[in-house]
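A look at the structure
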Amino acid sequence: MPDDVQMEGPQGRMNRAFDGRRRDEIPQEANAWQSFRGWEILFALTWTVSTVFVIVDDGHSVLTRSATVGLMVACAAGYLLLGRSAIMEDEDNSLRAMWYIALVVVIFVPASLLVSAATFGLFALCPQVFMLLSGRRAVAAILFLNLAPALHFVTEPGRGVGEMVIFTGTTLIAITYALVFGPWISRIIHQSRDRANLIKELEASRAEVARLSAESGALAERERLAGEIHDTLAQGFTSIIMLIQAAQAQPDPSRHLGLAAATARENLAEARALIAALDPAPLDGSTLDDALRRLSTRLCEEGGVTVACTIDGESRPLPPSTEVVLLRAAQEALTNVRRHAAASSVRLAMRYCTADVTLLVEDDGAGFDPSTSSGYGLRGMRARIEQQGGTLTVTSSPGRGTSLQVTI
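Keep in mind it's a predicted model, so treat the numbers as computed, not measured.

So, the overall build of the protein
When helices and strands are counted, the protein shows 11 helices and five strands. Within the protein, the fraction of its 408 residues that count as buried is 38%. When contacts within the protein are restricted to residue pairs at least 6 apart in sequence, long-range pairs at least 24 apart make up 67% of them. For the protein, the computed accessible surface area is about 22,400 Å², with 61% contributed by carbon and sulfur atoms.

The structure is reproduced here in structure tokens:
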């Protein structure tokens, strides 16, 4: 996991956590456990109050109180120089953390033994122990910090039984509270941090999925447009070229030129429909069966090929995407017949069944070897048919004609 999302520890180390991020990527409001200011305020307030209690405690000599205040100032300096950086290091049981806790024990325990009012500093030190240590190390440090002044208080002469019972009970409650709620709060912080990291990973994954989806959609749209251009404009231009070439070879070119003009007009309509993202022009205002009959008639007129168009079964409207795929398949098959097959007759059949529909185009032309065919037309046709959940079967061999069957 990247460093910028590794936020081990209670307050998360915002400085390190947000290193390397752009300003606009930094969240407007940090997570609760990332707020280091609260811990700073807690330590400053608790340490100031404890020092004041020591200064005003007239039960001890000025020298004792001065020594205690000096130890507490040294402990505060240790926090500023070593403890604060150890907390921001955000690593449990690090060498710096253990050095700081050892320094706290060496300085604070004598201070609490000299003047018992200094023990109020435990309110600041106990949370730091759980922020820096884990497991048995944290438990040992908590017990030592709390039990040392308690034992000193109990063993002092002149203490009454009732006073010792109250103090002992209060100390046990404080230790139990620290040992129970300290690890519990730490676990909550760790779980919250892990969940925050998981949310960030999920957001990153969702963004990646959206990016890949957009790229996939763009690729699919390019493929669709490539297929539409091939099936409309490219085929139309091919027909126009063939008709003009035929007109040039005839003494009276008017018939072929008229067909070329009609094809050009249809091709223009196809282009406009494609640009406007409308339904294909051959289907506008007509049924699929009518469009197939027009394709058959055009092949007869342009190529002089006998075309038999039959509709089997009960004709019915199909989903627009299915009709487009079937129409494009018929266009591609008839274009290939005109350009390559040198056929004399073609059979185009549309069969409607209960669970599927089948388009069949057969010719008696030259045929070819399907295993060696690498043209875009068949590849694009197969891809579009498979997208509709259909199958394409091409049966052919040299000299034996070709049969193309589409079932959806």
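More follows now that the structure is in view.
Details of helix α5 (residues 122-132)
Because each turn of an α-helix spans 3.6 residues, side chains separated by three or four positions end up pointing in the same direction. When you tally the buried positions in α5, you get nine out of 11 residues, the bulk of the element. Buried within α5 are the following residues: L122, A124, L125, C126, Q128, V129, F130, M131 and L132.

Quick look at the confidence of the model for the protein
Residues with a pLDDT of 70 or more make up 73% of the protein, whose mean pLDDT is 76. Confidence drops under pLDDT 50 across residues 1-29; counting only partners more than four residues distant or on other chains, this segment forms 66 contacts.

Remarks on the packing of helix α4 (residues 95-114) against α5
Here α4 crosses α5 at 155 degrees, and the two axes come no closer than 10 Å. By the angle class used here, α4 and α5 are roughly antiparallel. Handedness of the crossing formed by α4 with α5: left-handed. Counted together, A97, Y100, I101, V104 and F108 of α4 and L122, L125, Q128, V129 and L132 of α5 form the full contact between these two elements. Looking at the contact of α4 with α5 residue by residue, the class counts come to nine nonpolar, one polar and no charged.

A short note on empty space enclosed by the protein
For the structure shown, the criterion picks out one cavity of 30 Å³ or more. Taken as a whole, the largest cavity holds about 50 Å³ of empty space. Considering the residues around the largest cavity, the lining is formed by W39, L42, F43, Y79, I87, A124, P127, Q128 and M131. Those elements that place two or more of their residues in the lining of the largest cavity are α2 (36-56), α3 (62-89) and α5. Among the elements that line the lining of the largest cavity, the one with the most residues is α5, at four residues. For the lining of the largest cavity, the per-class residue count stands at eight nonpolar, one polar and no charged.

What to know about the side chain of D363
Tracing the backbone shows D363 in strand β3 (residues 357-363). It is R347 that comes nearest to the buried, bridge-free D363 among opposite-charge side chains, at 12 Å. Separated by 2.8 Å, the side chain of D363 and the backbone nitrogen of G365 make a polar contact. Non-local contacts of D363, meaning those with residues more than four positions away in its chain, are made with V337, A341, A343, S345, V346, G401 and T402.

Considering a nonpolar patch on the surface
A cluster of nonpolar side chains, contributed by I41, L45, V49, V52, F53, I55, V56, F120 and F123, occupies part of the molecular surface with about 840 Å² of accessible area. With seven residues, the top contributor of residues to the nonpolar patch is α2. L45 sits in the exposed class, given a relative accessible area of 56%.

Some details on the pattern of salt bridges
Applying the stated criterion across every chain yields a total of three salt bridges. As a salt-bridge pair, D290 and R293 come within 3.3 Å of each other at their nearest N and O atoms. Note that D290 and R293 are positioned in helix α9 (residues 288-303) at a spacing of three residues, about one turn of the helix. For E362, the salt bridge goes to R347, with nearest N and O atoms at 3.4 Å. Note that E362 is positioned in strand β3 and R347 in strand β2 (residues 345-352), a separation of 15 residues in sequence.

A look at the packing of aromatic side chains
Within this structure, the stated rule accounts for five aromatic pairs. Taking 5.2 Å as the distance between ring centres and 15 degrees as the angle between the ring planes, the aromatic pair formed by F43 and W47 counts as stacked. Note that F43 and W47 are positioned in helix α2 at a spacing of four residues, about one turn of the helix. Each member of the pair, F43 as well as W47, carries the same accessibility label: buried. Aromatic pair F43 and Y79: ring centres 4.2 Å apart, planes at 25 degrees, arrangement stacked. Of this pair, F43 sits in helix α2 while Y79 sits in helix α3, and the two are 36 residues apart along the sequence. There is no split in this pair, since F43 and Y79 are both buried. Grouping aromatic residues by their ring pairs yields a cluster made of F43, W47, Y79, Y100 and F108.

Thresholds applied
Residues numbered from 1 in each chain as written. Predicted model: local features only at pLDDT ≥ 70, side-chain atom pairs only at ≥ 80, totals over all residues. Heavy atoms only, no water. Helix = DSSP H or I, 4+ residues; strand = E, 2+ residues; numbered from the N terminus. Buried < 20%, exposed > 50% of the residue type's maximum accessible area, 1.4 Å probe, protein only. Contact = heavy atoms within 4.5 Å. Areas by Shrake-Rupley, 256 points an atom, 1.4 Å probe, with all protein chains shown as cover. pLDDT = per-residue confidence, 0-100. Axes fitted to C-alpha atoms, helices over the stretch in contact; angles between N-to-C directions. Parallel < 35°, antiparallel > 145°, perpendicular 65-115°, else oblique. Left-handed = near helix turned anticlockwise from the far one by under 90°. Nonpolar A, V, L, I, M, F, W, Y, C, P; charged D, E, K, R; others polar. 1 Å grid on protein atoms, 1.4 Å probe; cavity = no way out; pocket = protein on both sides within 12 Å on 5 of 7 lines; lining within 4 Å. Points joined across faces, edges and corners; volume = space filled by probe spheres on them. Lys, Arg positive; Asp, Glu negative; His and termini not counted. Salt bridge = Lys/Arg side-chain N within 4 Å of Asp/Glu carboxyl O. Polar contact = N/O pair within 3.5 Å; in protein donor to acceptor, adjacent residues only side chain to side chain. Patch = residues over 30% accessible without salt bridge, like charges linked within 9 Å, V, L, I, M, F, W, Y side chains within 5 Å. Phe/Tyr/Trp six-rings, centres within 6.5 Å; stacked < 30°, edge-to-face > 60°.

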